[in-house]
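# Topology and contacts: notes
Residue-level listing of the chains:
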Amino acid sequence: QVQLVESGGGLVQPGGSLRLSCSTSGSIRSAYVMAWYRQAPGKQRELVAAITSGDSTNYADSVKGRFTISKDNAKDEVYLQMNSLKPEDTAVYYCKQETPLRHYWGQGTQVTVSS
């Protein structure tokens, strides 16, 4: 059973930055996609950013130019660098690992952007 653990969330002022980390017990090399999703209160979970095994990346329009997804295969970790944060970025952020057999989710980390 693959387990994912997110960290790095917290309270930040508008315009600030945070770096989220996701550590997986399964090899990132076995995943064809690693992704970050978020869910705000009363809203559906949405894709924020994804990175493929070939290092292609994809971003939600709302975060393009502000967020960067990256991964370290040697450490089995994926990251989300978030800059120029806005109050509307407030949400629980989830890490997802997609393998040929199934998908795995982390427990989430809260990000709150507020002055």
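In what follows, the accompanying structure is described. (Residues numbered from 1 in each chain as written. Predicted model: local features only at pLDDT ≥ 70, side-chain atom pairs only at ≥ 80, totals over all residues. Heavy atoms only, no water.)

A few words on the pairing of strand β4 (residues 33-39). Side chains on a regular strand alternate between the two faces of the sheet. Of all the 7 residues making up β4, 6 are buried; the element is thus mostly covered by neighbouring parts of the structure. Strand direction decides the pairing type here: β4 and strand β5 (residues 46-52), joined by 6 bridges, are antiparallel. Along β5, the bridge assignment pairs tryptophan 36 with alanine 49. Connecting β4 to the antiparallel partner β5 that follows it, the hairpin turn spans 6 residues, and glycine 42 within it adopts a positive phi of roughly 75°. Bridging between β4 and strand β9 (residues 91-98) involves 7 bridges; their strand directions are antiparallel. Bridge assignment links methionine 34 to a residue of β9, and that residue is glutamine 97. (Buried < 20%, exposed > 50% of the residue type's maximum accessible area, 1.4 Å probe, protein only. Helix = DSSP H or I, 4+ residues; strand = E, 2+ residues; numbered from the N terminus. Pairing = 2+ DSSP bridges.)

If you look at the biggest cluster of nonpolar residues, it comprises 29 residues, and the most contacted ones within it are Trp36, Leu80, Met82 and Tyr93. The set of elements that each furnish at least two residues to this core consists of β3 (18-24), β4, β5, β7 (67-72), β8 (77-82), β9 and β11 (109-113). Setting aside residues up to four positions removed in sequence, methionine 82 forms contacts with Gly16, Ser17, Leu18, Leu20, Arg66, Phe67, Tyr93 and Val111. (Core = buried A, V, L, I, M, F, W, Y, C linked by side-chain atoms within 4.5 Å. Contact = heavy atoms within 4.5 Å.)

Position of arginine 66 among the secondary structure elements: in the loop between β6 (57-59) and β7. If we skip the residues at most four places from it in the chain, arginine 66 touches Gln81, Met82, Asn83, Ser84, Leu85, Lys86 and Asp89.

Reading across the sheet, the 4 strands line up as β1-β3-β8-β7 and stay open at both edges, with antiparallel pairing between neighbours. Two strands lie at the open edges of the sheet, namely β1 (4-7) and β7, each paired on one side alone. Pairs of neighbouring strands in the sheet enclose a mean axial angle of 15°, with direction left out of account. As paired strands, β1 and β3 are joined by 4 bridges and run antiparallel to one another. Counterpart to valine 5 in the pairing with β3 is serine 23. (Axes fitted to C-alpha atoms, helices over the stretch in contact; angles between N-to-C directions.)

What follows covers the pattern of salt bridges. According to the stated counting rule, one finds 6 salt bridges in the structure shown. Between aspartate 89 and arginine 66 there is a salt bridge, with the nearest N and O atoms lying 2.8 Å from each other. Taken as a pair, aspartate 89 in the loop between β8 and β9 and arginine 66 in the loop between β6 and β7 lie far apart in primary sequence, 23 residues in all. Judged by relative accessible area, which is 10%, arginine 66 ranks as buried. When salt bridges that share partners are traced, they join Arg38, Glu46, Arg66 and Asp89 into one network. (Salt bridge = Lys/Arg side-chain N within 4 Å of Asp/Glu carboxyl O.)

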